[in-house]
Amino acid sequence: MQNWNRMKNISGYIFSVVLLVLLPVMAAGQDTLRSIGPRIGLDLSRFAYLFFDPAERGAELSLDMEIVRSLYPVVEVGFSSLRETEDQFDYAMSGAYGRVGADYNILQHADRTVYHTVTVGGRYGVARFQHRAENVTIPSGYWGDYLLESHEYSLTGHWLELVGAVKAEIFTNFFMGWSLRYRILLNPDMDPLFAPLIVPGYGRGAQNRAIGFTYSVYYKIPLYKK
Amino acid sequence: MKNGLLLFLALALITACATQEICNNDNQSELVARFKTEGELGTVDTTLAAVSVHGIRPGLPDSLIYLNEPLSSMVLPLNPNGDFSIFVIEVDGLSDTLRINHRTEYYLISYTCGFAALFTLETLEHTSRMIRDTRIIQAEIDAELEQNEEHIWIYF
């Protein structure tokens, strides 16, 4: 009996020691699990475009996910349309666009459960859209004005962009952030008659280089932890 | 976050300012014809004392562009409705007809300023009461006329 009690004491001791050794490891494992999942964003700055001249209607969504530590592949999609009535013609444009690329987080935290990021990245963008000029008048006081036939073209625009961005987690899984983009249009001569007023997702079609800006809110779907 | 908003507002202002544009010209694409004469010293500029010019406008009455003016060159609006423009030039009771054959295309100056004609001169035809010869100097004519720009020479 004495031996039995002694063995119980020894086994209890061993269990305690094992637990003592394992607990910090288990506890540390729980603290450093990183929440991973797709993050969906809505660009709020697009709504400010409604107050520009001409007013541009549109919306843009983004989807990114940290597939390996600090690397976020990104897809952004949106649509855009505008109408403008000038003295000599009416103009309309509508279309959709997408961008694919990746962001790399240069802000390294010791704590793996901190998700604020400062990223640099790149995108390839493509827009499919139509633009149309109607009631185009070529003025001639002497010979009489010439009314040009309506000009309508389906266009594809391609561009590359460099992206710098900041995202902060304001509540668990909710983020806000902005990005600044430098864009290079790859096919500025997409329309032989005239450059589109706006290439959706890019900016002014007459400019081979453009600056872009987004101000977005995001929600990360916490799919799993690792 | 506050800085982000400020940057956004600054960018919005810059973009809004960039869309403001002033259109200085009237979108007329005009030809400049300089008068020349062949002398002992070669080809030199010449001035005619009293020149009247009007265009032949189908369906429209004659309308003078110049009336008895001393000219060494003239600025003529070309016809955006067709591929040629015809002018009658009168000096001292004599008149010649000048037909300018051109290709007519159109281009956008800017979204604010609108479209204009882009003419490319092809050939010149003329009667020969006063005019001895003609020559194309610069074939392309757009709505932005530069100082000292000249498109054709007319030899008297």
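Residues numbered from 1 in each chain as written. Chains lettered and ligands numbered in written order. Predicted model: local features only at pLDDT ≥ 70, side-chain atom pairs only at ≥ 80, totals over all residues.

K.L.:
Is there a simple way to think about the overall build of chain B in this case?
P.N.:
Helix and strand counts for chain B stand at 1 helix and 11 strands. When the elements of chain B are put in sequence order from the N terminus, they spell out α-β-β-β-β-β-β-β-β-β-β-β. The buried share among the 156 residues of chain B stands at 22%. In chain B, the proportion of contacts linking residues at least 24 apart, taken out of those at least 6 apart, comes to 51%. (Helix = DSSP H or I, 4+ residues; strand = E, 2+ residues; numbered from the N terminus. Buried ≥ 20, exposed ≤ 12 C-beta atoms within 10 Å, placed from the backbone. Contact = placed C-beta atoms within 7 Å.)

K.L.:
Looking at this structure, how should I read the overall build of chain A?
P.N.:
A count of helices and strands for chain A gives 2 helices and 14 strands. Sequence-distant contacts, at least 24 apart, represent 61% of the contacts inside chain A between residues at least 6 apart.

K.L.:
For this particular structure, what's the right way to read the environment of A:Tyr124?
P.N.:
Residues and elements named next belong to chain A. Checked against the element boundaries, Tyr124 lands in strand β6 (residues 117–134). Accessibility expressed as a C-beta count within 10 Å gives 13 for Tyr124, which makes it partly exposed. Dropping the residues within four chain positions of it, Tyr124 is found in contact with Arg99, Val100, Gly101 and Leu160.

K.L.:
Looking at this model, I keep getting lost on the pairing of strand β11 (residues 152–155) of chain B. Mind explaining?
P.N.:
Within a regular strand, the side chains alternate between the two sheet faces. Residue and element names in this part refer to chain B. Every second residue of β11 is oriented toward a common face, the buried set being Ile152 and Ile154 and the non-buried set Trp153 and Tyr155. Note: strand β1 (residues 30–39) against β11, 4 bridges, orientation parallel. Residue pairing across strands places Phe35 opposite Ile154, the latter belonging to β11. Examined bridge by bridge, strand β9 (residues 133–136) and β11 share 4 bridges and lie antiparallel to one another. Residue Arg135 lies in a different strand from β11, and its bridge partner there is Trp153. (Pairing = 2+ DSSP bridges.)

K.L.:
Just to check I follow, could you spell out the interface of chain B and chain A for this structure?
P.N.:
Put simply, an interface is often sized by how much accessible area is lost when its parts join up. Facing the 29 residues of chain B at the interface are 24 residues of chain A. Mapped by element, the contributors of at least two residues to the side of chain B that touches chain A are α1 (2–18), β7 (94–110) and β8 (114–126) of chain B. At 7 residues, α1(B) tops the list of elements feeding residues into the side of chain B that touches chain A.

K.L.:
Is there a simple way to explain the sheet that holds strand β9 (residues 151–171) of chain A in this structure?
P.N.:
One key point about sheets: their strands pair by backbone hydrogen bonds, in either a parallel or an antiparallel sense. Residue and element names in this part refer to chain A. Pairing is antiparallel around the closed barrel formed by 8 strands, whose spatial order is β2-β3-β4-β5-β6-β9-β10-β13. Each adjacent strand pair in this sheet contributes to an overall mean axis angle of 25 degrees, direction not counted. Alignment of strand β3 (residues 56–64) against strand β4 (residues 71–85), held across 9 bridges, turns out to be antiparallel. Bridging from a neighbouring strand, Arg57 pairs with Ser81 of β4. (Axes fitted to C-alpha atoms, helices over the stretch in contact; angles between N-to-C directions.)

K.L.:
Where do I start with the pairing of strand β6 (residues 84–91) of chain B in this structure?
P.N.:
Burial along β6(B) is one-sided: B:Ser85, B:Phe87, B:Ile89 and B:Val91 are buried, while B:Phe84, B:Ile86, B:Val88 and B:Glu90, pointing the other way, are not. The antiparallel hairpin formed by β6(B) and β7(B) contains 2 residues in its connecting segment, where B:Asp92 sits at a positive phi of about 50 degrees.

K.L.:
I keep staring at the confidence of the model for chain A and nothing clicks. Help me out?
P.N.:
Detailed reading of the predicted coordinates is not advisable wherever pLDDT is low. Per-residue pLDDT for chain A has a mean of 86; in total, 86% of the residues score no lower than 70. The model gives residues 10–30 of chain A a pLDDT under 50, and that stretch makes 0 contacts with residues more than four places away or in other chains. (pLDDT = per-residue confidence, 0-100.)

K.L.:
When you look at unusual backbone geometry in this model, what are you seeing that I'm missing?
P.N.:
Generally, phi is negative for residues other than glycine and the peptide bonds are trans, each holding for most cases. Located in the positive-phi region is A:Ser70, a residue other than glycine, with phi close to 75 degrees. With respect to the helices and strands, A:Ser70 occurs in the loop between β3 and β4. Residue A:Ser70 is classed as partly exposed on the basis of its C-beta count, with 13 C-beta atoms lying within 10 Å. You will see that B:Asn68, though not glycine, has its phi angle at about 45 degrees, which is positive.

K.L.:
Explain the sheet that holds β8(B) here, please?
P.N.:
All names here are of chain B. Pairing within the open sheet is antiparallel, and its 6 strands lie in the order β4-β3-β6-β7-β8-β10. Each edge of the open sheet is held by one strand with a lone partner, namely β4 (64–71) and β10 (140–141). In the sheet, β6 pairs with β7 via 8 bridges, with the strands oriented antiparallel. Residue pairing in the sheet places Glu90 in a bridge with Ser95 of β7.

K.L.:
What am I meant to see in the environment of B:Met130 here?
P.N.:
Residues and elements named next belong to chain B. Among the secondary structure elements, Met130 is positioned in the loop between β8 and β9. Taking the C-alpha atoms as reference points, Met130 and Pro80, 50 residues apart in sequence, are found 28 Å from one another. The residues contacting Met130, other than those within four sequence positions of it, are Val91, Leu94, Asp96 and Phe156.

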